[in-house]
Amino acid sequence: LHAVVKGEYPCAYEPDPTRFTKQVDAFIVADSINFPESGGIVCIGSSSMRMWHSRIEKDLAGLSVVARGFGGSHYSDVIYFADALILKYSPRALVIYEGDNDAAYGKSVERIFNDFKYLTKLCRKRLPELRFYIIGAKPSLARWDIAQKMQAANAMIRDFCQDRQGITFIDIWPALLNASGMPRVELFIQDGLH
């Protein structure tokens, strides 16, 4: 049911993105019933984005939002499903939350950064005016052991965004830390990740 981006993605799709076929197909079925108007804001990413679905329209009231988070995803998964979950909507903006699953899986900082860059290039090729809002990977209790890796990837992405038009990095890291520099326990649910 879904179109996959064919192109020159320089990396292996790893882990296998087809593990999300059912979730993506559910979005496609929803589109067949009520296709979103073009020019909206696609919000895509892993479970931190997916768990926002229940109240994203209220939180972003007044904006036309297309919620397309799918839990456990990596940047490579978003690239794989870019046609089905981003490009076909002709959005004016894309809000992305990815990175911590990539790091937890063992992908290098450079791989995370390069996948991020590839995704922006792929989308801009088809939608030259598309604006990007990149939410940096968050610190969490569950993944504190890879915090330095996530911070390093965030720094590379932030630096890339600084000098470019229409691409904004949203740094949520400091807001989630307490005075001791550790994740604020009260902000997380029981799993210590979300």
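An account of the accompanying structure is given in this report. (Residues numbered from 1 in each chain as written. Predicted model: local features only at pLDDT ≥ 70, side-chain atom pairs only at ≥ 80, totals over all residues. Heavy atoms only, no water.)

**Remarks on the nonpolar core**
Under the convention used in this document: Only buried Ala, Val, Leu, Ile, Met, Phe, Trp, Tyr and Cys residues count toward a nonpolar core, and they belong to the same one when joined by side-chain atoms within 4.5 Å. Classification of residues uses two cut-offs on accessible area relative to the type maximum, computed with a 1.4 Å probe and protein chains only: under 20% is buried, over 50% is exposed, and between them is partly exposed. For the purposes of this entry, the term helix denotes a DSSP run of H or I that reaches at least four residues, the term strand denotes a run of E that reaches at least two, and both are numbered from the N terminus. Note on contacts: a residue pair qualifies if any of its non-hydrogen atoms lie within 4.5 Å across the two residues.
Ile44, Ile86, Leu94, Phe116 and Ile134 are the most contacted members of the largest nonpolar core, which totals 57 residues. A total of eight residues in this core trace back to one element, the largest contributor, which is helix α7 (residues 109-126). Those residues in contact with isoleucine 86, other than ones at most four positions away along the chain, are Val42, Ile44, Val78, Phe81, Pro91, Leu94, Leu119 and Cys123.

**What about the pairing of strand β5 (residues 167-170)?**
How we decide: Note: two strands are recorded as paired if DSSP finds a minimum of 2 bridges between them.
A one-sided burial pattern is seen for β5, the buried positions being Ile167 and Phe169 and the unburied ones Thr168 and Ile170. Here strand β4 (residues 131-135) runs beside β5; their pairing, made up of four bridges, is parallel. Note that in β5 the partner of phenylalanine 132 across the bridge is isoleucine 167.

**Looking at α7**
To keep things clear, this is the line we draw: To estimate how far a helix should extend, the number of its residues minus one is multiplied by 1.5 Å.
For α7, spanning 18 residues, the distance from its first C-alpha to its last is 27 Å, which sits close to the expected 26 Å at 1.5 Å a residue. Residues Val109, Arg111, Ile112, Phe113, Asp115, Phe116, Tyr118, Leu119, Thr120, Leu122 and Cys123 constitute the buried set of α7.

**Re empty space enclosed by the protein**
Left-over empty space is what a probe sized like a water molecule reveals as it rolls over the atoms. What counts is decided by this rule: Each cavity reported here is a set of points on a 1 Å grid over the protein atoms alone in which a 1.4 Å probe fits but cannot get out, each pocket an open set with protein on both sides within 12 Å along at least five of seven lines, and each lining residue one with an atom within 4 Å of a point. Grid points are joined across faces, edges and corners, and a volume is the space filled by probe spheres set on the points. In this classification, the charged set is Asp, Glu, Lys and Arg, the nonpolar set is Ala, Val, Leu, Ile, Met, Phe, Trp, Tyr, Cys and Pro, and all remaining amino acids, among them Gly, are polar.
Counted according to the given criterion, the structure contains one cavity of 30 Å³ or more. Estimates place the volume of the largest cavity at around 60 Å³. In terms of lining residues, the largest cavity is bounded by 13 residues, among which Glu98, Gly99, Ala137, Asn154 and Ile157 are the most central. At the level of secondary structure, the elements contributing two or more residues to the lining of the largest cavity comprise β4 and α8 (147-162). At four residues, the largest contribution of residues to the lining of the largest cavity is made by α8. Looking at the lining of the largest cavity residue by residue, the classes come out as nine nonpolar, three polar and one charged.

**Points about the side chain of aspartate 77**
Stated formally: Throughout this description, a polar contact denotes any pair of N or O atoms lying within 3.5 Å of each other; where both atoms belong to protein, one of them has to be capable of donating a hydrogen while the other can accept it, and for residues adjacent in sequence the pair is counted only when both atoms sit in side chains.
Note that aspartate 77 resides in helix α4 (residues 75-80). The exposure class of aspartate 77 is buried, given its relative accessible area of 0%. A polar contact of 2.8 Å, which involves the side chain of aspartate 77, links it to the backbone nitrogen of histidine 74. Once residues lying within four places of it in the same chain are set aside, the contact partners of aspartate 77 are Pro15, Pro17, Arg19, Phe20, Phe70 and Gly72.

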